[in-house]
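Listed below are the residues making up each chain.
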Amino acid sequence: MLARAVPLVLLVAAAVYLTLALRLPFGAAARPGAGFYPVIVAVFAIVVALAATASAFRGAQRAEAVALDAAARRRVVISVVALVAFCLGLPWVGYPVAACVFVTVVLRYLGGRWTTALFTGALSSAGSYGLFAVLLDVPLPRGPW
Amino acid sequence: MGPLEGLAYGFSVALLPSNLFACFIGVLVGTIVGVLPGIGPVGAMALLLPSTFAMHPATALIMLAGIYYGAMYGGSTTSILLNVPGEAGSVVTLLDGYQMTRKGRAGAALTISAAGSFVAGTVGVVGIMLAAGWLADVAIRFGPPEYFAITLGGLLLLSRLSGGSILHAFVMVALGLALGTVGMDSISALRRFTLGSVQLAQGIELVPVIMGVYGVAEVLLLAEEGIAKAQITSVKFRELLPSPEEWRRSTMPIARGSVVGFLTGLVPGPAAVLSTFIAYTVEKKMSKTPEKFGTGMIEGVAGPEAANNGATAGAMVPLLSLGIPFSPATAILLGALVVHGLQPGPLMISQRPEVFWGFVASMYIGNVMLLILNLPLVGVLVTVLRLPQHVLATLVLLLCLVGAFSLSNSLLDLWVLVIFGVFGYALRKLRVDPSPMVVALVLGPMMEKTLRQALFLTRGSVVDLVARPLSAAILLLAAVALFGPPLVRLLRGRREKP
């Protein structure tokens, strides 16, 4: 399914890209405008995405990714959900809390114990905050506290 | 400044305490990421890029390049001891390296591998000194049509050589080129494809994309496996010495591997990986006993290990002399220089000699450091593998997140990181190499700018654009590389049919 979905998504993205590129000033060959190059890229993208989609639907079994077992899939999904949650939560709860929760949850579901996960989460959050925010002056959000 | 004078000046820069320290950190991190399976040098370079913003450009380049060539040394350690390649450039090494371990010759394989890497690294640096200076002198005469031809030809060659399906490589190139157009148009200042976002006007940053497709994607692959513990073979110091016979048999493979590696590095594509396969094939063809390859032949370790280090040096030539990166790793080095307001290219060698020569000299020093790190300390290095992988994977993810945010303190970079991390993971599952996308993202804006300038100069004549001798030669070469093999196959097929 992944082998068919990826080229299809890219084909749709290429079509949207072409639509947006056509709205830009094209110019002329001697004075190319801001849309000149994107239109060329869009046409190239549509041609190759069409060919890739056709190829995927013809012989998808060959390129299909190996299916994961339920536990492996869960570990990957939880890692991705944790990444998204970190991005969403960072402006609201601040870096120290977001990092601590992120490390604890990911570590726990990748195979660590709750206590080890919580301890590593707190330690890595404090350590990285100290290194980046205090020593390197990166303005990491602190949250409401 | 001549090469010897330049090198002497370079050593005066590279031996400054700050640069020596940066070189040491670079090669140490490189060796460690080389040893650790799943975390490659490109991801590590992207992770450490933000930490170089406050450094002098020469120091930044020295540290980041140290990670790149250091990983080639470290990668062989796990290939030889564990039958697991630390990074892609060491896959071939395991064929004979691990068989040597099974025969009790792990120490000899490690020493020959480190010696080969050292020789190739040193030969490569001499190659950079000679080739980069010469190419830079030639490139001063290049105009927009030539630069356009080089970028286009480079992308075509990369698509052919990146491995896997050429169609997939083209899709990746198209995606990279399209991503490169997001943001403000450099000529008309018009915002393109920003969907009303002010942050997107700056364009899509290269580093979060690289951190995503190489860092996050690799960690997601590790996450699939859960907890894994390595069974480590211990090597005693006295076992490290190869026999005189092993030294004799390795000499020529190391010499051939160094040259093959350096030349492969000059060509766009995954040079470090490709060079090892070429070197292995060369050694097998040259051998009187090719059937013994794969059973623990020292030549099968010496040639490829020299080649991958030669290739990392060769890949620096187009970057330093033309300002054009043909691989994700050199794209990061370009990014590090651009952040400091430096544009690598033909003028950098004369205008910023401390950066060019300091970097070249640091590679000599780095190779000596790596030899010391990888031989007497090999036992210490493999203990890194005792670190629980799930803890390491989680901490790498956290570092990716902080690193992406710290680039420009922007949440957009975090989202780019996550989106490209998931996308990179999907690509790995489909066995599609993301390198053409990353290189196209870097070369795209350069290609657009030179195309528009060239068309302006030739008054819109595409014929004039591609008919200039050098442009024509480069495009012809790329076309031959692209269409030559399928044409030959087609013709052979027809000839075989009655």
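Higher on the page you've got the structure.
The structure reproduced in this document is the subject of the present report. (Residues numbered from 1 in each chain as written. Chains lettered and ligands numbered in written order. Predicted model: local features only at pLDDT ≥ 70, side-chain atom pairs only at ≥ 80, totals over all residues.)

This part is about the overall build of chain A. Check the secondary structure of chain A and you find six helices and zero strands. Reading chain A from its N terminus to its C terminus gives the helix and strand order α-α-α-α-α-α. Since a compact globule built from 145 residues should have a radius of gyration of about 15 Å, the 23 Å found for chain A marks it as more spread out than a globular shape. If one aligns the C-alpha atoms of chain A with their principal axes, the spans along those axes are about 60 × 45 × 20 Å. Relative to its full complement of 145 residues, chain A shows a buried share of 37%. In chain A, the proportion of contacts linking residues at least 24 apart, taken out of those at least 6 apart, comes to 53%. (Helix = DSSP H or I, 4+ residues; strand = E, 2+ residues; numbered from the N terminus. Rg over C-alpha atoms; globule rule 2.2 N^0.38 Å. Buried ≥ 20, exposed ≤ 12 C-beta atoms within 10 Å, placed from the backbone. Contact = placed C-beta atoms within 7 Å.)

As a measure of interface size, the accessible area lost when the parts come together is often cited. At the interface, 47 residues of chain B touch 54 residues of chain A. Where the side of chain B that touches chain A is concerned, the elements lending two or more residues are α8 (166–180), α9 (206–225), α18 (389–408), α19 (411–429) and α20 (435–457) of chain B. Among the elements that take part in the side of chain B that touches chain A, α18 of chain B stands out by supplying eleven residues, more than any other. Of the residues belonging to the side of chain B that touches chain A, the class tally is 30 nonpolar, ten polar and seven charged. (Nonpolar A, V, L, I, M, F, W, Y, C, P; charged D, E, K, R; others polar.)

All names here are of chain B. At a closest axis distance of 7 Å, the pairing of α18 and α19 adopts a crossing angle of 140 degrees. In terms of orientation, α18 lies oblique with respect to α19. Once α18 is placed against α19, the crossing between them reads as right-handed. Between α18 and α19, the contacting residues are Cys400, Leu401, Ala404, Phe405, Leu407 and Ser408 on the first element and Asp413, Leu414 and Leu417 on the second. Looking at the contact of α18 with α19, its residues break down into seven nonpolar, one polar and one charged. (Axes fitted to C-alpha atoms, helices over the stretch in contact; angles between N-to-C directions. Parallel < 35°, antiparallel > 145°, perpendicular 65-115°, else oblique. Left-handed = near helix turned anticlockwise from the far one by under 90°.)

All names here are of chain B. Relative orientation of the contacting elements helix α6 (residues 106–139) and helix α12 (residues 299–314) amounts to 30 degrees, with a least axis distance of 7 Å. Relative to α12, the element α6 is oriented roughly parallel. Judged by the twist between their axes, the crossing of α6 over α12 is right-handed. For the contact of α6 with α12, the residue count by class is twelve nonpolar, nine polar and one charged.

This paragraph deals with helix α14 (residues 328–339) of chain B. Residue and element names in this part refer to chain B. For α14, which comprises twelve residues, the first-to-last C-alpha distance of 16 Å matches the rise-based estimate of 16 Å (1.5 Å per residue) to within 8%. Of all twelve residues that make up α14, ten are buried, and the element is covered over most of its length. Looking only at α14, the buried set comprises Pro328, Ala329, Thr330, Ala331, Ile332, Leu333, Leu334, Gly335, Ala336 and Leu337. The elements touched by buried residues of α14 are α3 (41–48), α4 (57–82), α9, α13 (316–322) and α20. (Expected span 1.5 Å × (residues − 1).)

Right, let's talk about the environment of Glu205 of chain B for a bit. Residue and element names in this part refer to chain B. Structurally, Glu205 is set in the loop between β2 (191–192) and α9. Exposure remark for Glu205: the 21 C-beta atoms within 10 Å place this residue in the buried category. The spatial distance from the C-alpha of Glu205 to the C-alpha of Ala217 is 17 Å, given a sequence separation of twelve residues. Beyond its immediate stretch of four places on either side in the chain, Glu205 contacts Leu407, Asp413 and Val416.

The next subject is the environment of Ala306 of chain B. All names here are of chain B. Inspection of the secondary structure puts Ala306 in helix α12. You can call Ala306 buried: it has 36 C-beta atoms within 10 Å. Residues Ala306 and Phe277, spaced 29 residues apart in sequence, show a C-alpha to C-alpha distance of 12 Å. Apart from residues lying up to four places away in sequence, Ala306 is in contact with Gly116, Ser117, Val119, Ala120, Ile254, Gly257, Ser258, Gly261 and Ala279.

Residues and elements named next belong to chain B. Unusually for a residue other than glycine, Ala189 sits at a positive phi of about 65 degrees. Following the sequence through the fold, Ala189 ends up in the loop between β1 (183–184) and β2. The residue Arg459 is not glycine, and still its phi comes out positive at about 55 degrees. When you line up the elements, Arg459 lands in the loop between α20 and α21 (462–467).

Let's shift gears to the nonpolar core. Ranked by size, the top nonpolar core spans 210 residues in total, and within it Met45, Leu61, Leu64, Ile210 and Ile332 of chain B carry the most contacts. With 18 residues, α6 of chain B is the single largest residue contributor to this core. Taken domain by domain, this core gets at least three of its residues from each of domain 1 (2–63) and domain 2 (70–135) of chain A. Every residue in contact with Met45 of chain B, bar those within four places of it in the chain, is listed here: Leu64, Ile67, Tyr68, Ala329 and Ile332 of chain B. (Core = buried A, V, L, I, M, F, W, Y, C linked by C-beta atoms within 7 Å. Domains from an automatic or database assignment.)

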